[in-house]
Amino acid sequence: MATVQDLPQITGVKNIPVEEFYNSGHRTCQGCESALVMRLMIKAAGQRTIVLGSTGCMYVANTTYYSTPWVVPWMHTQLGSAGSAATGTAAGLASMMRKGKMTQEPINVIAFCGDGGGVDMGLSAISAALQHDEYNLLIICYDNESYANTDIQASGSTPWGANTTFSPTGKDIRIMNTKQKKNMAPMIATGHPNMRFVATACASYGLDFNNKVRRALTIGGPTFIHCIDPCPKGWDYDPKYSHELGMLAIETGLWIQYEITDGELILNGPSRAIAKGIRKRKPVEEYLMRQGRFAHFLPEDIKFFQDKVEETWEKWWIPGLIPITPGQDD
Amino acid sequence: MATVKPRLYEESKEELISGSEAVGIACALADVDVITAYPIRPYDTVMQYVSRLKADGAFDFDFIIAESEHSQFEIVKHASAVGARTFSGSSGVGWFYAFEAITVTAGLRMPVVAMVGNRALDDPGAFGVEHNDAMAVRDLGWHLYWVATAQEALDMALMAWRIAEDPTVLLPFALSCDGSFLTHSQAIVQVPSQDQVDRFLPPYKRGTLQLHPDNPITIAPQVNEDWLMEIRRQTDEAMRRTSAVIRQAHEEFREIFGRGDPSPFIEEFMCEDAEIILVGMGTLAMPTRVAVRRLRAAGKKVGFLRIKFFRPFAAEEVQEALGDAKAVAVIDRDYSYGSPSGGGVLFHELRSTLYPLDKRPLMLNFIAGLGGREVTVDDINMMTETAQKAIDTGKIEQETTWVSVRE
Ligand SMILES: Cc1ncc(C[n+]2csc(CCOP(=O)(O)OP(=O)(O)O)c2C)c(N)n1
Ligand code: SF4
Ligand SMILES: [Mg+2]
């Protein structure tokens, strides 16, 4: 396995690097948390990094010809190709370095994809990439819970009942999207026995995300991070609440912050406090009712949603495979 | 630590090998860095061969068994962007499964070399050769070449990297090899020495287009109507430039390796003074040459023109070769349902090529050998007779004929 860069854990917000490698020039919506994921990701990874980006908002809105925000080398990849882009880039570098055609050096390879590109279309390519123990690569799925770039259509990662342009609320059918959001990170973790690091994250907890990126890039082999990204356009709320919604997703227990290192599950942030009983989960209604995409919900829909959250916390975590450790106290 | 490059062939020597093995040896001689594989008949014999070379320590490369053809081609596209020499391939529906990746490979100017083991596009299930699979890239900026022998497969694979990676070209190269007839049939092949190959094939250098932290470029930003037309135009110009690059490479190839037709684009067989010229691609050259030789012996003025490069298409050379014929009979191992006169793709290309001539030959089209059905000497005789009848009567009774098909 190729050597990795020296990227120590960041010990506090004051120690976050000041350099920006994702700069002005992008054209994402105000309050776009996915754009913040990009910025935090590359801040943590640093300059000796190649970034590959799948089609989606983080390509189309981000990388307009002549005004790219990327200071690091960046390349587009096809909608379902985050896994293949990471594999091809890592393989090309590894082969040439081994054969003496390129200077030996650990170069970070990060491929990102949206939920449409990763949770749906690119799932098989991501899965295949994560089997390559011989390459160091990180795949980040930024999940804004819809095919946002094409006008907010339901994906396999859209929550039950959400109003999208493919699942509108109509006169006859109130709940068009009857699918449950896929459980992506556990699916990845359980399905790839040799992977050393899988995590969930949220840009509202920037330092946590920074450090997860660094752990992913330094542990060796293929790694995966799944981020939940409030999207003002798709979720229908005032952009100034993006951060708050990200926090609410976790505080209500809907999104769970964790990392799985060598098969051991550790909860982070509010999720850990909830699991330890230090903190109570907020009712999911607080989160749902802040967003236009759930405005059509009746009390029974909110209850249905709440019941699913209860079920998640009480009945199943990652069934059968991973011992749960609440994590150390601060 | 950099490894020492294994040297497979110190001396040039003869080997009894299949077309797929010939391409596999070319991969090793070219010191390819990344190869991606996915199983589908008949092309995958080349991947079985290179994986064996790797297992035996004869050839050092990163071998990735992709989980689909789409990934196969995406992976080599990205490896090519960081400067790695790449090889991939597919057949039939596998090639189509990869089509999105294949399309952008040309759009991004990545000089990936791919072997297409031509296969019918099932359903209904069929393993045999048809040219519609490879043909689908003809408009996209891929070089597209039809091979006739195992020797040519090896030679053209080496040519492929040389041409595709030329800094003035940077366009991918599809090496089309007829399923079974070429991929699986063995023939004596003169394998060149590593020294000869090293003299002919320079390393792949992307220069300022290489994706690397020392060269932090953004590849494939969103351009829309602002710039797309200019970028398409650049690809068009690269495709125009490649003809001269091909000629130059061909000349040097002949010098270093001591073999090769006079033209890299076409092969003329007994075309001089021919009144009827048959035109075709790939391995049907064999029965056609046999038939033409016999017809010549019987005093008939018949010739055969083999189109080697379908892209770029050497229109002027083809006009020159066919301009004096009275009738041209085009053999298509492909179909284009609903096209003008229901003709095949090659036929339309030829008819369009000859249209500007003052004196145009009569043109007939024969759809033959689909799904791997054999094209026989008798079939070629029938085509020649039909062309002769058209010359005698000055009339074409039927523009497109499906050959030896049950009615
Ligand atoms: C093969 C293919 N199918 C469809 C599209 C159209 N398309 C472009 S962006 C996009 C949305 C992708 O959604 P997601 O991955 O969630 O990213 P987001 O736009 O939400 O950031 C789609 C469907 C495409 N580019 N390629
Ligand atoms: S639609 Fe959503 S994901 Fe896309 S740019 Fe706007 S806020 Fe970001
Ligand atoms: Mg999305």
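### What about the sheet that holds strand S16 (residues 400–402) of chain B?
Residue and element names in this part refer to chain B.
Stage number 1. Overall, mixed pairing links the six strands, which are arranged S10-S12-S11-S14-S15-S16 in an open sheet. On the outer flanks of this sheet lie strand S10 (266–269) and S16, each paired with one strand and no other. Taken pair by pair, the neighbouring strands of this sheet meet at an average axis angle of 20°, ignoring direction.
Stage number 2. Together, S10, strand S11 (276–280), strand S12 (302–307) and strand S14 (327–332) form the strand contacts of helix H10 (residues 285–297), whose direction differs from that of S12 by roughly 160°.
Stage number 3. Across the sheet, helix H12 (residues 345–354) is in contact with S11, S12, S14 and strand S15 (362–367); its angle to S14 comes to roughly 150°.

### A closer look at the site of ligand 2
Stage number 1. Taken together, Thr 28, Cys 29, Cys 32, Cys 57, Asn 144, Cys 231, Pro 232 and Lys 233 of chain A are the residues near ligand 2.
Stage number 2. In terms of residue class, the shell around ligand 2 is made up of five nonpolar, two polar and one charged.

### Let's talk about the coordination of the magnesium ion (ligand 3)
Six octahedral donors around a metal ideally subtend angles of 90 or 180 degrees, whereas four tetrahedral donors ideally subtend 109.5 degrees.
Residues and elements named next belong to chain A.
Stage number 1. On the protein side, the magnesium ion (ligand 3) has Asp 115 (OD), Asn 144 (OD1) and Ser 146 (O) as donor atoms, found 2.0 Å from it.
Stage number 2. Written as a sequence motif, the donor residues of the magnesium ion (ligand 3) are D-x28-N-x1-S. We note that Asn 144, like Ser 146, is buried.

### So, the packing of helix H11 (residues 315–322) of chain B against H12 of chain B
All names here are of chain B.
Stage number 1. At a minimum axis distance of 9 Å, the contact between H11 and H12 shows a crossing angle of 80°. Considered as vectors, H11 and H12 are oriented roughly perpendicular to each other. On H12, the residues that touch Ala 315, Val 318, Gln 319 and Leu 322 of H11 are Leu 350, Thr 353 and Leu 354.
Stage number 2. When grouped by side-chain class, the residues that make up the contact of H11 with H12 number five nonpolar, two polar and no charged.

### A closer look at the site of ligand 1
Stage number 1. The immediate surroundings of ligand 1 are formed by 17 residues, with Gly 116, Gly 117, Tyr 142, Ala 148 and Asn 149 of chain A found nearest.
Stage number 2. Those chains with residues close to ligand 1 are chains A and B.
Stage number 3. Contact between ligand 1 and Cys 57 of chain A: an oxygen atom at 2.9 Å from a main-chain N or O atom of the residue.
Stage number 4. Protein coverage of the free-state accessible area of ligand 1, which is 590 Å², stands at 77%.
Stage number 5. No other element matches helix H4 (residues 115–121) of chain A, which puts four residues into the shell around ligand 1.

### As for the packing of aromatic side chains
Stage number 1. If you walk through the whole model with that rule in mind, you get 31 aromatic pairs over all chains.
Stage number 2. Taking 5.8 Å as the distance between ring centres and 70° as the angle between the ring planes, the aromatic pair formed by Phe 173 of chain B and Phe 309 of chain B counts as edge-to-face. You can see Phe 173 of chain B sitting in strand S7 (residues 173–178) and its partner Phe 309 of chain B sitting in strand S13 (residues 309–311), a full 136 residues away along the chain. Here Phe 173 of chain B matches Phe 309 of chain B in class, with each residue buried.
Stage number 3. Each member of the aromatic cluster is reached from another via a ring pair, and the members are Tyr 22, Tyr 59, Trp 70, Trp 74, Phe 112 and Tyr 142 of chain A.
Stage number 4. The cationic tip of Arg 290 of chain A hangs over the ring face of Tyr 241 of chain A; the distance from NZ or CZ to the ring centre is 4.9 Å.
Stage number 5. The aromatic ring of Phe 61 of chain B is capped on one face by Lys 54 of chain B, whose charged end is 5.3 Å from the ring centroid.

### Digging into the nonpolar core
Stage number 1. Core analysis: the biggest nonpolar cluster contains 174 residues, and Ile 139 of chain A together with Phe 87 of chain B have the highest contact counts within it.
Stage number 2. Ranked by residue count, the leading element in this core is helix H7 (residues 150–164) of chain B, at eleven residues.
Stage number 3. Counting contributing residues per domain, this core is built from domain 1 (13–257) and domain 2 (266–402) of chain B, each supplying no fewer than three.
Stage number 4. Other than its neighbours up to four places away in sequence, Ile 139 of chain A contacts Ala 82, Gly 83, Ala 86, Ala 111, Cys 113, Ile 126, Ala 129, Leu 130, Thr 223, Phe 224 and Ile 225 of chain A.
Stage number 5. Membership of the second largest hydrophobic core comes to 38 residues, among which are Met 38, Ile 42, Met 58 and Val 72 of chain A.

### A word on the domain arrangement of chain B
Residue and element names in this part refer to chain B.
Stage number 1. Structurally, chain B comprises domain 1 (13–257) and domain 2 (266–402).
Stage number 2. Spacing between the C-alpha centres of domain 1 and domain 2 amounts to 28 Å.
Stage number 3. With 29 residues of domain 1 at the interface, the matching set in domain 2 holds 22 residues.
Stage number 4. With both sides pooled, the region where domain 1 packs onto domain 2 buries about 2200 Å², and carbon together with sulfur makes up 60% of that total.
Stage number 5. Taken together, the links from domain 1 to domain 2 amount to three salt bridges.
Stage number 6. Linking domain 1 with domain 2 are 13 residue pairs in polar contact (both at pLDDT 80 or more), by the criterion used here.
Stage number 7. Those elements that place two or more of their residues in the side of domain 1 that touches domain 2 are helix H6 (132–135), strand S6 (143–146), H7, S7 and helix H9 (224–257).
Stage number 8. The residue inventory of the side of domain 1 that touches domain 2, partitioned by class, reads 17 nonpolar, six polar and six charged.

Definitions and limits used
- Residues numbered from 1 in each chain as written.
- Chains lettered and ligands numbered in written order.
- Predicted model: local features only at pLDDT ≥ 70, side-chain atom pairs only at ≥ 80, totals over all residues.
- Heavy atoms only, no water.
- Pairing = 2+ DSSP bridges.
- Helix = DSSP H or I, 4+ residues; strand = E, 2+ residues; numbered from the N terminus.
- Axes fitted to C-alpha atoms, helices over the stretch in contact; angles between N-to-C directions.
- Contact = heavy atoms within 4.5 Å.
- Near = heavy atom within 4 Å.
- Nonpolar A, V, L, I, M, F, W, Y, C, P; charged D, E, K, R; others polar.
- Donors = N, O, S within 2.8 Å, 3.2 Å for Na, K, Ca; no water.
- Buried < 20%, exposed > 50% of the residue type's maximum accessible area, 1.4 Å probe, protein only.
- Parallel < 35°, antiparallel > 145°, perpendicular 65-115°, else oblique.
- Polar contact = N/O pair within 3.5 Å; in protein donor to acceptor, adjacent residues only side chain to side chain.
- Areas by Shrake-Rupley, 256 points an atom, 1.4 Å probe, with all protein chains shown as cover.
- Phe/Tyr/Trp six-rings, centres within 6.5 Å; stacked < 30°, edge-to-face > 60°.
- Lys NZ or Arg CZ within 6 Å of the ring centre and 35° of its normal.
- Core = buried A, V, L, I, M, F, W, Y, C linked by side-chain atoms within 4.5 Å.
- Domains from an automatic or database assignment.
- Buried area = accessible area lost by both parts, 1.4 Å probe.
- Salt bridge = Lys/Arg side-chain N within 4 Å of Asp/Glu carboxyl O.

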